[in-house]
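Now for the letters of each chain:
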Amino acid sequence: MKWFFAAVIILHGLIHLMGGVNELGLAKVEGLSGQTLVPIAGYLKSVLGILWFLAVVAFLIAGIGLLTNQTWWKAIAVGAVILSQVLIIIWWPAAKFGTVANVLVLIGLFLL
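Here the structure is a predicted model, which is why all the values come from computation and not from measurement.

What is the right way to read the environment of Ala6 from this model?
Position of Ala6 relative to the elements: it lies in helix α1 (residues 2-23). For Ala6, a relative accessible area of 1% translates into the label buried. In sequence terms Ala6 and Val105 are 99 residues apart; their C-alpha atoms lie 8.7 Å from each other. With near-sequence residues (within four places) excluded, Ala6 lies in contact with Gly63, Leu66 and Leu67.

Is there a simple way to think about a nonpolar patch on the surface in this case?
Taken together, the side chains of Met1, Val103, Ile107, Leu111 and Leu112 make up a nonpolar region of the molecular surface, amounting to roughly 440 Å² of accessible area. Residue position: Leu112 is located in the segment after α5 (98-111). Given a relative accessible area of 31%, Leu112 falls into the partly exposed group.

Help me understand the environment of Gly79, please; the structure alone is not making it clear to me.
Along the chain, Gly79 falls in helix α3 (residues 73-90). Between the C-alpha atoms of Gly79 and Ala94, which are 15 residues apart in sequence, the distance is 22 Å.

Which parts of the structure should I look at to understand the packing of aromatic side chains?
The way to describe two aromatic rings as a pair is by their centre distance and the angle between their planes. Across all of its chains, the model carries two aromatic pairs by this definition. A centroid spacing of 5.2 Å and a plane angle of 70° characterise the contact between Phe4 and Phe5, whose relative ring orientation is edge-to-face. Of the residues examined, Phe5 reaches a relative accessible area of 6% and is grouped as buried.

Please explain the pattern of salt bridges as it appears in this structure.
Charged atoms that come close allow side chains of opposite charge to pair. Following the criterion strictly, the structure yields one salt bridge and no others. Residue Lys45 is joined to Glu23 by a salt bridge in which the shortest nitrogen-to-oxygen separation is 3.6 Å. Of the two residues, Lys45 sits in helix α2 (residues 42-67) while Glu23 sits in helix α1, which places them 22 residues apart along the sequence. On the accessibility criterion, Glu23 (12% relative accessible area) is buried.

Sorry if this is basic, but what is going on with α1 here?
Three or four residues apart is the spacing at which side chains of an α-helix point the same way, because the helix has 3.6 residues per turn. Helix length check: α1 (22 residues) gives 32 Å between terminal C-alpha atoms against 32 Å at 1.5 Å per residue, within 8%. Restricting attention to buried positions, one finds in α1 the residues Phe5, Ala6, Val8, Ile9, His12, Gly13, His16, Gly19, Gly20, Asn22 and Glu23. Elements that come into contact with the buried residues of α1 comprise α2, α3 and α5. Remark: Gly25 follows α1 within two positions and exhibits a positive phi of approximately 75°.

Conventions and cut-offs
Residues numbered from 1 in each chain as written. Predicted model: local features only at pLDDT ≥ 70, side-chain atom pairs only at ≥ 80, totals over all residues. Heavy atoms only, no water. Helix = DSSP H or I, 4+ residues; strand = E, 2+ residues; numbered from the N terminus. Buried < 20%, exposed > 50% of the residue type's maximum accessible area, 1.4 Å probe, protein only. Contact = heavy atoms within 4.5 Å. Patch = residues over 30% accessible without salt bridge, like charges linked within 9 Å, V, L, I, M, F, W, Y side chains within 5 Å. Areas by Shrake-Rupley, 256 points an atom, 1.4 Å probe, with all protein chains shown as cover. Salt bridge = Lys/Arg side-chain N within 4 Å of Asp/Glu carboxyl O. Phe/Tyr/Trp six-rings, centres within 6.5 Å; stacked < 30°, edge-to-face > 60°. Expected span 1.5 Å × (residues − 1).

Nothing here speaks to function; it is geometry throughout.
Quick look at the structure:
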C-alpha cells in the first residue's frame, strides 16, 4: 500500500509541472486554457506559476519521505495538498480532477 500511495503522491506532483510551465509561458500545454475563476494580473500569474512548481517539489519530497520511512513526510504532504487544492480551485475549469488525487493523498495520510 505504501508504494501505491507514494506513486500517487509523486505522479500527482509531476502533473503539477503542467500548470507551472503553462502559467510561466515556458511551454503551452494542450488542453490547459489558463482560464481561472477570477481574473489574475500578469505578475501574479507568474507568482502562481512558481507555486505550481513549489507543489511539484513538495509532493516529490513527501513521496520520497514516504518511501524512505521518514517521520516528516505527512507534514510535507499536508502542505502540498493544501497548496495544490488552492491552485486547483483557482484554475478549476482545467484542474478540477486534481481534487481526486488530493483526496487519495489524504486517504494515504490516514492509512499509513
